[in-house]
Amino acid sequence: MSGLFARLAGRGSRGAKLDYDKAKELASAQSPEARRELAGRADAQPEILYFLAEDSDVDVRRTVAGNQATPPHAGVRLATDDDIEVRCTLAQQIGRLAPELDDAAREKVGAIVNEVLDILAQDQVARVRAVLSETLKETENVPADLIRRLANDAAIEVASPVLEFSPVLDDEFLREIIQNSPASEILSSIS
């Protein structure tokens, strides 16, 4: 299938840039395999990836969620996807992206990234929140209120990583947690 994809996308020789018109054609292809391969391309145009974020095939959406080239505004759509794996993949990806934003990028897309982080931190499925917590546990360059929300989470698998490792949480906040939490797992994570 990848040979067909390469020909359709105008990638006959190594390193050739993805042709926009061919990418549009592939994004609407009947073959989920072709759409999935397109969704995984690092050189796929942001608008193509945004379009694929709403694909009917869950594997295509998972691939978009894991693609570093996916634009942050597609994350808003993916953060509310019906599939847990899509949201977990996005939590890993956006959790790695958020701290790497330089000042210019933070000014441009920081609000969108923070919105996606906020949606994921409020996910009804603890596993999604746990993936986000694990990904952000040692990160300094994320909103402190987000880390505090994860640290206060009722699910130990969510709270523990940030309580144990986060440089964002100060001693005063940790003392509050100790005073208000009888759970031995929480105390163990802080110590």
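Because the structure is predicted, anything quoted here is derived from the model rather than measured. (Residues numbered from 1 in each chain as written. Predicted model: local features only at pLDDT ≥ 70, side-chain atom pairs only at ≥ 80, totals over all residues. Heavy atoms only, no water.)

S.K.: Whenever I open this one, the overall build of the protein chain confuses me. Can you help?
M.R.: Within the protein chain, the regular secondary structure consists of 13 helices and zero strands. Shown N-terminal to C-terminal, the secondary structure of the protein chain runs as helices and strands in the order α-α-α-α-α-α-α-α-α-α-α-α-α. The buried share of the protein chain, taken over its 191 residues, is 45%. For the protein chain, the accessible area works out to roughly 10,100 Å², and carbon and sulfur atoms hold 47% of it. (Helix = DSSP H or I, 4+ residues; strand = E, 2+ residues; numbered from the N terminus. Buried < 20%, exposed > 50% of the residue type's maximum accessible area, 1.4 Å probe, protein only. Areas by Shrake-Rupley, 256 points an atom, 1.4 Å probe, with all protein chains shown as cover.)

S.K.: What's the story with the packing of helix 2 (residues 20-27) against helix 3 (residues 32-39) in this structure? I'm lost.
M.R.: In a pair of packed helices, the angle between the axes and the distance between the axes together describe the arrangement. Between helix 2 and helix 3, the least distance of the axes is 8 Å, while the angle of their chain directions is 135 degrees. By the angle between their directions, the pair helix 2 and helix 3 is classed as oblique. Residue-level inspection shows Ala 23, Leu 26 and Ala 27 of helix 2 in contact with helix 3, the latter providing Ala 34, Arg 35 and Leu 38. The residue inventory of the contact of helix 2 with helix 3, partitioned by class, reads five nonpolar, no polar and one charged. (Axes fitted to C-alpha atoms, helices over the stretch in contact; angles between N-to-C directions. Parallel < 35°, antiparallel > 145°, perpendicular 65-115°, else oblique. Contact = heavy atoms within 4.5 Å. Nonpolar A, V, L, I, M, F, W, Y, C, P; charged D, E, K, R; others polar.)

S.K.: In this structure, what is going on with the confidence of the model for the protein chain? I would like to understand it.
M.R.: Detailed reading of predicted coordinates is not advised where the pLDDT is low. When pLDDT is averaged along the protein chain, the result is 86; 86% of the residues meet or exceed 70. Scored below 50 in pLDDT, residues 1-14 shows 27 contacts in the model against residues more than four places distant or in partner chains. (pLDDT = per-residue confidence, 0-100.)

S.K.: Hey, could you run me through the pattern of salt bridges in this one?
M.R.: Two side chains that carry opposite charge are able to pair once their charged atoms sit near each other. Scanning all chains against the criterion turns up 14 salt bridges. Across the pair Arg 35 and Asp 55 runs a salt bridge, and its minimum N-O distance is 2.6 Å. Note that Arg 35 is positioned in helix 3 and Asp 55 in the loop between helix 4 (46-52) and helix 5 (58-66), a separation of 20 residues in sequence. The salt bridge partner of Arg 61 is Asp 81, with a shortest N-O separation of 2.5 Å. Of this pair, Arg 61 sits in helix 5 while Asp 81 sits in the loop between helix 6 (72-78) and helix 7 (84-97), and the two are 20 residues apart along the sequence. What makes Asp 81 buried here is its relative accessible area of 2%. What emerges from the salt-bridge pattern is a single network uniting Arg 36, Asp 57, Asp 59, Arg 62 and Asp 83. (Salt bridge = Lys/Arg side-chain N within 4 Å of Asp/Glu carboxyl O.)

S.K.: It is not clear to me how the nonpolar core should be interpreted in this structure. Could you clarify?
M.R.: If you look at soluble globular proteins, the nonpolar side chains tend to sit buried side by side. In this structure, Leu 38, Leu 52, Val 64, Leu 117, Leu 120, Leu 132 and Leu 136 are the most contacted members of the largest nonpolar core, which totals 52 residues. Dropping the residues within four chain positions of it, Leu 117 is found in contact with Ile 94, Ala 98, Leu 132, Leu 136 and Leu 146. (Core = buried A, V, L, I, M, F, W, Y, C linked by side-chain atoms within 4.5 Å.)

S.K.: Looking at this structure, how should I read the side chain of Gln 45?
M.R.: Secondary-structure assignment places Gln 45 in the loop between helix 3 and helix 4. The class of Gln 45 is buried, set by a relative accessible area of 13%. Apart from the residues within four sequence positions on either side, Gln 45 is in contact with Leu 18, Asp 19, Tyr 20 and Ala 23.

S.K.: Quick question: what am I supposed to make of a negative patch on the surface here?
M.R.: On the surface, Asp 170, Asp 171, Glu 172 and Glu 176 cluster together into a patch of negative charge. A relative accessible area of 53% places Glu 172 in the exposed class. (Patch = residues over 30% accessible without salt bridge, like charges linked within 9 Å, V, L, I, M, F, W, Y side chains within 5 Å. Lys, Arg positive; Asp, Glu negative; His and termini not counted. Charge placed at Lys NZ, Arg CZ, Asp CG, Glu CD.)

S.K.: How do you make sense of the packing of helix 3 against helix 5 when you look at a structure like this?
M.R.: Close contact between helix 3 and helix 5 brings their axes to 8 Å; oriented N to C, the two are set at 5 degrees. Regarding the angle of helix 3 to helix 5, the classification is roughly parallel. Within the contact between the two elements, helix 3 uses Pro 32, Arg 35, Arg 36 and Ala 39 and helix 5 uses Asp 59, Val 60, Thr 63 and Val 64. Partitioning the contact of helix 3 with helix 5 into residue classes produces four nonpolar, one polar and three charged.

S.K.: Where do I start with helix 10 (residues 144-151) in this structure?
M.R.: Residues that lie three or four places apart on an α-helix share one face, since the helix turns once every 3.6 residues. The set of residues buried in helix 10 consists of Leu 146, Ile 147, Leu 150 and Ala 151. For helix 10, the buried positions fall inside an angular range of 140 degrees around the axis, keeping them on one side. Looking at the packing, one finds that the buried side of helix 10 touches helix 8 (103-121), helix 9 (126-136), helix 11 (156-165) and helix 12 (171-180). (Arc of directions from axis to C-beta.)

S.K.: Sorry if this is basic, but what is going on with the side chain of Arg 35 here?
M.R.: In this structure Arg 35 comes out as buried when scored by relative accessible area, which is 7%. Looking at Arg 35, its side chain comes within polar contact range of the side chain of Asp 55, at 2.6 Å. If we skip the residues at most four places from it in the chain, Arg 35 touches Leu 26, Ala 27, Ala 29, Gln 30, Leu 52, Asp 55, Ser 56, Asp 57 and Val 60. (Polar contact = N/O pair within 3.5 Å; in protein donor to acceptor, adjacent residues only side chain to side chain.)

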